Every structure is written in structure tokens, then in C-alpha cells.
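# Structure at a glance
Residues per chain are reported as follows:
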Amino acid sequence: MRRERALTLAGASLLAMSTPALARQQTEPAATGEANAALSLTNEIIVQARRRDESLQDVPLVVNAVTADTIDKLNIRSFTDIGSVVPGLQLTPNANGIGTSSSIRGVNHDVNVSAENGTIQYYRNDAPVPSSFVFQTMYDVGQIEVLRGPQGTLRGRSTPSGSITATTRLPDLVEPGGYVSGTFGSGSAANINGALNIPVIGDVLGVRVAGLHKFDRLNRVSSINSDVKPRSETNAIRATVRFEPTQWLRFGFLYEGMENDALRFDQVRSVAAFNPDYTPSAGAPDYGDIGIGDYLSVQSRPSTVSQKFRFYNWNAEADILGQRLFYVGSRTAQHYRSFGVRDLANFFPDLAIGQEADTRGTTSSHEVRLQNLDRIVGLFDYVVGYFQYAVPSRTILNESSITQLRLAGPGIPIAPPSVTDTPIYLPKGMPKEESFFGNVTLHLGDATELSGGLRRIHFTDFRDGLFIGCTPQLYEAGSCTRQNGTQSDVKENTTIYSASIKHRFTPGLMVYAATGSSWRPPVVAIGNFTHADYTPNEVAHVALPPESSKSYEIGVKSDWFDHKLTFNLTAYHQKYKNYPYRSGGAGIAYININSAGAPTIGNFNFVSAVPVKVNGVEAELAFTPTSQFSVGATVNYARSTIGNALLACTDALNNQTGAVGSDGLPDSVTPTLAQMQQAYGAERVAVCPGGGQSATFQPQWTGVLRAEYNQPVGHDMDAYVRGLLSWRGKSKTDPNNRFDDVGAYGLFNLYGGLRAADGGWEVTVYAKNLFDTNKLLTQDDLAQFTAVTDVYLAPPTFSVTGIGSTVYNSRYTGVTVTAPREFGVTFRVAFGSR
């Protein structure tokens, strides 16, 4: 029988969780029965971080691995929960449903800035995919690998911070099997998933079908002004075919469909709770004091998100003359629809004011790779290949605003406020990347290794730009005007590299050094929908040049006492040029020209191209003294610093005197429109000298402590208890916001249950955030506000005599908070090959 088995970490050890100890991208179903017991004695994890099987302690880079066993043990139902076991990794889905925000090694990836050209690239079975697709499909997963540092000379796309690969389980060609798993928890949480494995032709053809139904209340934030409850429902199905007609030829195909629909409310707190000097607008709705522990919103209607994905993945492998030829192809069709409420403070509860978005796109990739099976002349391993990636997409937007008709002179309203719609169109872009890559490893005996790789990238992208007041029909008719600074016609050629050296001083001690580079395409940030040509400052902080980085890393990997104790330590330094730094919180206040041509105050997260330096340390200590007990800890430190650059900011006032005029520092209070107009002159957004602040809004220190103890109960059952403490150090979050500093905190999860000795069933009760820690994570620097366009009419003809604007400031500001405590139970029943 041709069945390769993936080695897994010893027994019930939680050290397979996510230590920089690594786990293999699973290419076979997990071992069961006697084979599983035998494998549990190896205390070794095999990875393919460098596109071939290697022991974790032999790889000269840091990889965090989360195995299928760990996902089940820690009740990880959402991809964002991976951050609880991988220190320094922060994963957050964007509110508009389009992609995610991620942070690792001191920098952020925000899809709203750099689209899917992120600091982190996501993969499904070696095929690059949109991050939001991976986030929604946590079921029947074989393994998740988080590679840190510059990636691209061996795998897919060039990224500066790392890559995340989620590998699905493959069909077993010999033994039928399957499983059903269900979790039911607080807040109506429900997650039911399962799989069925069918070997159609023994040792040749197998099929695996898996499915998911998930329901939860998101952040469990309800609104004072709505009976609607927050909700998110995901349904997905996956079918995988594995065909191996001969020993040397293998084929695979996967189809996956996923749909997600969600309703959410933005959480708020009272501004008076942290800024007693603040004065809201007269008549601002007062819903009483709201604290961060209330999990409340004041919206009259929820924001909505709908996502649909269709993913196709195919692959082939052939072994010829001691070489292995790979081909991996994929196609992802995606459709996002969203409605984001704009009147968050509920000044106009009867009006549906918001932004509607409809985005359709496809992602396709092809990779051909050749590598040796047998070492060349006993010295060399190589990998060479070709990669192609394309992401065409188009977006249709509708931005609604409020218009108030007023009587010229006294300015009193003469009609109820109404909604004005502005269509916005982003025609189909055509970004495409092609590259050739190669890597060679020289083995000098059994102890020393030199490795180096190159990737030559050719990137093209033509985007016709942003068209405000435009529909697809008007665009096709040639009746639209492009917003200046938003057109892209990019043709870039660049080369990235990687190199490493390692030496094993003893069987249990290895030291390594590595360096690498990365490159990302130019950025055009979308979201400033002003009805006028961009000013020079606006263009400079919307359209950014390509980013590049260089990284240097040293590390030691060691294990002691017959692999029972593991200690790994890595230190790194990375320098970025033109890193796209996005302003935090609610964004930068600027002078926006509304659809009537009148100036008003708007907010947008402008982006600045800045130099960044990152210094960091990652450490892991794991101890498995017996097969019944294990404990481990990982700690991550990352300090990123922005160099000399001009950052978009709000700077219309002197912070010391309060007088109108720029002082080069972000304003500590929001200026009025008149003050901004006086200070900015012909500009509409200010810039401030940057230097010294963090490039990320995450804490410098993070860590994870985990432990498990299990005890046989009778002859065929085990009892167990597991603990997981995720700790985050203090953070200033947004340095321009004096109200959003976050103190250090920890979240403790506890699990306990019973399982069959043969793995046939398991029941777990759990408590997440056991001590109900309620911690502020982010807070907007401004109170929520709603801007209104005022149109002044003069009798007796009631002709327009002027246009102005009014900004209504509320009593509340937007926040995000740690999730409330959750209790629940999980059951799992499995048979055969699982």
C-alpha cells in the first residue's frame, strides 16, 4: 500500500499547537489506532516550509504550526482565533467584508490599502487565495502554517512579513471513514462540521466530502435603537478527489463553495467617560452612559455584509529520473456586497444613510515547479519554477449623504432632511504577476548547509481609476470623469533574494543566519470620495510607489533530554522603503467637497509612504516530561519605528495656544471647518513630520502559555484538562490618539473532557475568556459625527443662494473590546480513517 504517514508531535502534547516548532503541511489523513500510538513516540514534526520534507529543528527559519489536532483541542472555530496561539499575529476581518487586516513582525496588512498585495500572503493548498476566504472556512483542516519573514523565492508571491498556508485534509485511498463535530456555546454560537472519506478504487482513487454550518453573534454588540440582533451565518461545502494511477504519477482536484451573511453593529462608549471637557452638538441624542462592558451600539439599523466564494484547485505530480515535477493551479470567483451605516450616532434614525458596495473579481494562479528527489552528486538540492497570478476585479459603490433645505437668512429648515445618492465606479483592473524562481542548497557534510534563492518578478497593472458620480453605464458611454491621481499603468520588473547558512554543532543544537528581500506593487488607496480634483497632498497620500524591504535574521534551535525539552530563539532586523502606513482610528479629518460642491469635514484613513525599521525577538520553550503532561510558552517582541517622512494628519491648530495655524503636530482637538480652511489655504489635508512612532497599532510584547494533563480512565477512555493563556503587552495603539492606550492583559481559556482511547469520540466543555476580561482594544480619536449639506433657498422663487454644511457631533465614540466570556460544549464522533 502506498500510504505515507505524517509524523506528529508526541502524544497529547500541546506543543504541536503553534510553537515555532513546525508541523508538516498535511498530505495524508491523520494516522489512527496502533499507527497513531506508534507515531506519538517520535516527538518530531515534519514540515515542507522549503518545499521538501524536513524536521522542524533543521529548518533555518521560524514557522508556527497549528495542527488539525490542536484546532479540535482548542475549539478554534474562526481563523482569527489562530492569533491566540501564535504570538505576534493579529488577524481581524474588515467590517466591509472585503478581506482582512493582519499584523505580524511589527507591520500591518490592510486589504483596504494594498488590496491582496499584503505583508502576509494566504494560501489554500499552495494556491494563493483571498484572505477573507480562508477566514471563513475553518473546517476539515489538515494544518495551518505561519511562516515568518520575507517569503517568495520558494513559494508563490513576494511578501515582507510572512505567509499563512491552510491545508485541507486529503482523501485516504485505503480506508473509508469520516467524522461529525459540533460545538454549541454562549451567544447562540453553533458550529457543525463533518467529512466523509470514500476510497473508490483501493490505493488509486479516493473522494472526500466535507461541509460546515456556522452561526454566531459576532462581537455580541446589540443596539439600543434596534430589535435586530447581530448575526453571522456561514455555509460551506468542499469536495476533494485524489487519483494516483501509478507510483510515479499523482493528480488532485478540489472544489469549495462558501457563503457568508452577517449583520453587525459598531460598539460605542460615552465620550464623557474619558473626556469630561468634550461638548457634543446641541440636541445630540442622549441614550445615557454607555461603557465598554455594555457591548452596545446606538445605530438604528445594522451594517450588512454578504460574501460568496467558489474555489477550484487542481494539481499534478510526476516523478521522472529522480526529479519531481509539480503543477498547481487555482481559480477563485468572489462576490462581496455590503452596506456600511454612515449615521452611526443616529441623528437621523428615519434615513438609511450609508455606503453600498458591490465587488466582483476572480483570482487565478498557475505554478510549475521542478525539484530533485535524490541529492545531486551527494551535495545539492534544487527547486526551480514558474509562477503566474492575476486578480481582475471591479467595484460599484453608492455613497449616500443628507441634504437639508433651509431658508436663506434665518437658516431654519423648510423641509425634512433627504438622502442624496452618489454613484461611484471602479472599472475592472487587470493586475498580473509573472515570475521565475530558483533555490539551491549546498550540503557540506551532515552539519553545515548553505542555501540561496532568487525570484525575478514581472508585474503589470492597468486600472482606469476612480470615477465619482459614475455608473457602469455612464462609464461605457464615456460620460465619466476620472479622479486625478487614481489611474494605474504599472510595468515593474524586480528581483528578490533569500540566503541562509546553518551549522549543527551537536545533534540537538543548530545555529543559523538568514537574509532576504521582498517587493510589493504600488498602492492606490480608495475611500476619499471628494467631489473635486485631489490636491497635491491628497494625491501624495493616496497614490504610493512600490514597497521594498530587506531582512536579517539569526537564530538557534535546540532540543534536550531526548527531545523532551525544546528551546528556540530568533532575533531579526528588517528595513522597509515606502511602507504604506495607514492612519488609524476613524481616520484623518480633512476638507471634503460634497456632492453639492460645498466644503464639509470628512474623515479618511490616508496612507503615507514611509521608511520603517523593525527589530524583534521570538522565543519558544516547550517541555514534555511525560506522555501525560506538557507545558510550553512562546514570547514575541517586535518594535517597529517610522523614519523621517511626511504623514497625513489634521493640523489646523497650535496645540499650545489653540490659535489657528500649523505647528507640525496632529491636533489634540478637532478643528472647525473654518479653522481648517484658514490654516490649509488651497490644500484640504495637512501633513506632519513623522519619525519615531510605531508602524503598527499592536503591542510590542505578546506571548502564549499553554499546558495539558491527561489521565487514563479505565481501559478505553482518557480524561484531560487543557489551559491556554494569551497575553498582550501594553500598547499606545494610535500614537496620535491620546485616549486609546491599552494596558497589558491576558485572556485565559480552559478546556476539559473525556475521549476514547482510540479517538472514536470526544466530549469537551470549555470556557473562553474564563475571567471575563473586558479590555478596550481600539478607540476612535473623534466622537461619532454626521455631516449634512445645507442648501439655502430664498423666497419668493426659492432659488439657491448658497450651499454650506453642518457637522453634528454625538455623545459617543467607536470602540472595539475583547470578546465576552463564552461557555460551551463540543462533541466529536469519528470512524475509520477519520
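Residues numbered from 1 in each chain as written. Predicted model: local features only at pLDDT ≥ 70, side-chain atom pairs only at ≥ 80, totals over all residues. Heavy atoms only, no water.

## Let's talk about the confidence of the model for the protein
Parts of the model with low pLDDT should not have their predicted coordinates read in detail. In this model, the protein carries an average pLDDT of 87, and 91% of its residues clear a pLDDT of 70 or more. Counted against residues more than four places away or in other chains, residues 1–42, with its pLDDT under 50, gives 137 contacts. (pLDDT = per-residue confidence, 0-100. Contact = heavy atoms within 4.5 Å.)

## Notes on the state of the cysteines
Tallied over the entire structure, the rule returns 2 disulfides. Between the sulfur of C470 and that of C480 lies a disulfide, 2.0 Å long from S to S. Between C470 and C480, the S-S dihedral sits near 85°, and the bridge is therefore right-handed. Taken together, the residues span a long stretch of sequence, with C470 in the loop between strand 27 (467–468) and helix 5 (472–476) and C480 in the loop between helix 5 and strand 28 (488–506) at a distance of 10 residues. (Disulfide = S-S within 2.5 Å. Helix = DSSP H or I, 4+ residues; strand = E, 2+ residues; numbered from the N terminus.)

## Structural notes on the side chain of T183
Looking at the secondary structure, you find T183 in strand 11 (residues 177–185). Here T183 is in contact with N75, R77, A189, A190, N191, Y766, V825 and T826, once residues within four sequence places are set aside.

## A closer look at the sheet that holds strand 8 (residues 127–128)
Strand order in this open sheet of 5 strands is 3-9-10-7-8, and the pairing throughout is mixed. The open sheet terminates on both sides in strands that have one partner only, identified here as strand 3 (63–67) and strand 8. (Pairing = 2+ DSSP bridges.)

## With respect to the nonpolar core
Core analysis: the largest hydrophobic core is formed by 41 residues, its most contacted members being F79, I82, L89, Y122, I144 and I164. Of all elements in the fold, only strand 7 (120–124), helix 4 (131–135), strand 9 (141–148), strand 10 (162–168), strand 13 (205–216), strand 16 (249–264), strand 19 (303–320) and strand 20 (323–341) reach the threshold of two or more residues within this core. Not counting residues up to four positions away in its chain, the partners in contact with L89 are I82, G83, S103, I104, I120, V146 and I164. Membership of the second largest hydrophobic core comes to 19 residues, among which are L397, L426, V523 and V542. (Core = buried A, V, L, I, M, F, W, Y, C linked by side-chain atoms within 4.5 Å. Buried < 20%, exposed > 50% of the residue type's maximum accessible area, 1.4 Å probe, protein only.)

## Side note on a nonpolar patch on the surface
Taken together, the side chains of V180, F184, I192, V713, L754, W761, V763, V765, V825, F827 and V829 define a hydrophobic patch exposed on the protein surface, amounting to about 840 Å² of accessible area. Listed by contribution, the elements that provide at least two residues to the nonpolar patch are strand 11, strand 43 (761–768) and strand 48 (822–832). Counting through the fold element by element, V180 comes out in strand 11. (Patch = residues over 30% accessible without salt bridge, like charges linked within 9 Å, V, L, I, M, F, W, Y side chains within 5 Å. Areas by Shrake-Rupley, 256 points an atom, 1.4 Å probe, with all protein chains shown as cover. Salt bridge = Lys/Arg side-chain N within 4 Å of Asp/Glu carboxyl O.)

## Observations concerning the packing of aromatic side chains
With the rule as written, the count across this model stands at 20 aromatic pairs. Their ring planes at 85° and their centres at 5.9 Å tell us that F348 and Y808 sit as a pair that is edge-to-face. With F348 in the loop between strand 20 and strand 21 (354–372) and Y808 in strand 46 (residues 799–809), the pair connects residues that are 460 residues apart, well separated along the chain. Of the two residues, F348 and Y808, neither departs from the other in class, the shared state being buried. Both rings, one in F467 and one in Y475, keep their centres 5.2 Å apart while their planes meet at 70°; by these two values the pair is edge-to-face. For F467, a relative accessible area of 4% gives the class buried. Judged by relative accessible area, which is 22%, Y475 ranks as partly exposed. Ring pairs connect the aromatic residues F133, F309, F311 and Y336, which therefore count as one cluster. (Phe/Tyr/Trp six-rings, centres within 6.5 Å; stacked < 30°, edge-to-face > 60°.)

## Considerations on the sheet that holds strand 47 (residues 812–817)
With antiparallel pairing, 3 strands are arranged side by side in an open sheet as 17-47-44. Since the sheet does not close on itself, it has two edges, and those belong to strand 17 (268–270) and strand 44 (776–779), each with one partner. Averaged over all pairs of adjacent strands, the angle between their axes in this sheet comes to 45°, without regard to strand direction. As judged from the 3 bridges shared by strand 44 and strand 47, these two strands associate in the antiparallel manner. Pairing of Q779 across the sheet is with V815, part of strand 47. (Axes fitted to C-alpha atoms, helices over the stretch in contact; angles between N-to-C directions.)

## Digging into the pairing of strand 46
Direction of pairing for strand 45 (residues 785–794) relative to strand 46: antiparallel, over a ladder of 10 bridges. Bridge assignment links V791 to a residue of strand 46, and that residue is I803. Hairpin remark: strand 45 followed by strand 46, antiparallel, with 4 residues in the connecting loop; positive phi at F798, about 55°.

## A closer look at the pattern of salt bridges
Summed over all chains, the structure comprises 28 salt bridges. Between R148 and E618 there is a salt bridge, with the nearest N and O atoms lying 3.1 Å from each other. You can see R148 sitting in strand 9 and its partner E618 sitting in strand 36 (residues 607–626), a full 470 residues away along the chain. Among the residues examined, R148 registers a relative accessible area of 4% and is labelled buried. A salt bridge links R463 to D461; the shortest N-O distance between them is 3.1 Å. Each member of the salt-bridge network shares a partner with another, and the members are R250, E317, D319 and R324.

## Section: the environment of E233
Position of E233 among the secondary structure elements: in strand 15 (residues 231–246). As a C-alpha pair, E233 and N191 span 42 residues in sequence and 9.8 Å in three-dimensional space. Polar contacts involving the side chain of E233 include one to the side chain of N235, which spans 3.4 Å. (Polar contact = N/O pair within 3.5 Å; in protein donor to acceptor, adjacent residues only side chain to side chain.)

## Quick look at the environment of N809
Looking at where N809 falls in the secondary structure, it is placed in strand 46. In this structure, N809 is in contact with Y278, P280, S281, A284, F347, Q784 and F785, ignoring residues within four places of it in sequence.

## A few points about unusual backbone geometry
Here the residue pair P795 and P796 is connected by a cis peptide bond, since its omega of 5° sits within 30 degrees of zero. By the element assignment, P796 lies in the loop between strand 45 and strand 46. Although it is not a glycine, N125 sits at a positive phi angle of roughly 55°. Taking relative accessible area as the criterion, N125 reaches 17% and is therefore assigned buried. In this model, D203 sits at a positive phi of 65°, which is unusual for a non-glycine residue.

## Notes on helix 7 (residues 673–680)
Where helix 7 is concerned, the buried positions are L673, M676 and Y680. Buried residues of helix 7, seen end-on, are gathered within an arc of 60° and therefore sit on one face of the element. Away from its buried face, by an angle of more than 90 degrees, helix 7 presents the exposed residues A674 and Q678. Residues of helix 7 that are buried in the fold lie against strand 34 (588–593), strand 35 (599–604), strand 38 (645–649), strand 39 (686–690) and strand 46. Positive phi shows up at G681, right after helix 7, with a value of about 65°. (Arc of directions from axis to C-beta.)

## Description of the environment of F311
Tracing the backbone through its elements, the reader meets F311 in strand 19. A sequence separation of 21 residues divides F311 from T332, and the C-alpha atoms of the two residues are 4.4 Å apart.

## Describing the pairing of strand 11
In terms of burial, strand 11 is largely enclosed, as 7 of its 9 residues are buried. Where strand 11 and strand 12 (residues 189–201) come together, 9 bridges link them in antiparallel fashion. When the bridges of strand 12 are listed, G185 appears paired with A189. The antiparallel hairpin formed by strand 11 and strand 12 contains 3 residues in its connecting segment, where G187 sits at a positive phi of about 70°. Sheet topology places strand 11 next to strand 48; 9 bridges connect them, and they run antiparallel. When the sheet's bridge partners are listed, G185 is paired in strand 48 with G824.

## Regarding the side chain of S222
Mapping S222 onto the fold places it in strand 14 (residues 222–223). A relative accessible area of 17% means that S222 is categorised as buried. Not counting residues up to four positions away in its chain, the partners in contact with S222 are K229, P230, F265, Y295, L296 and S297.

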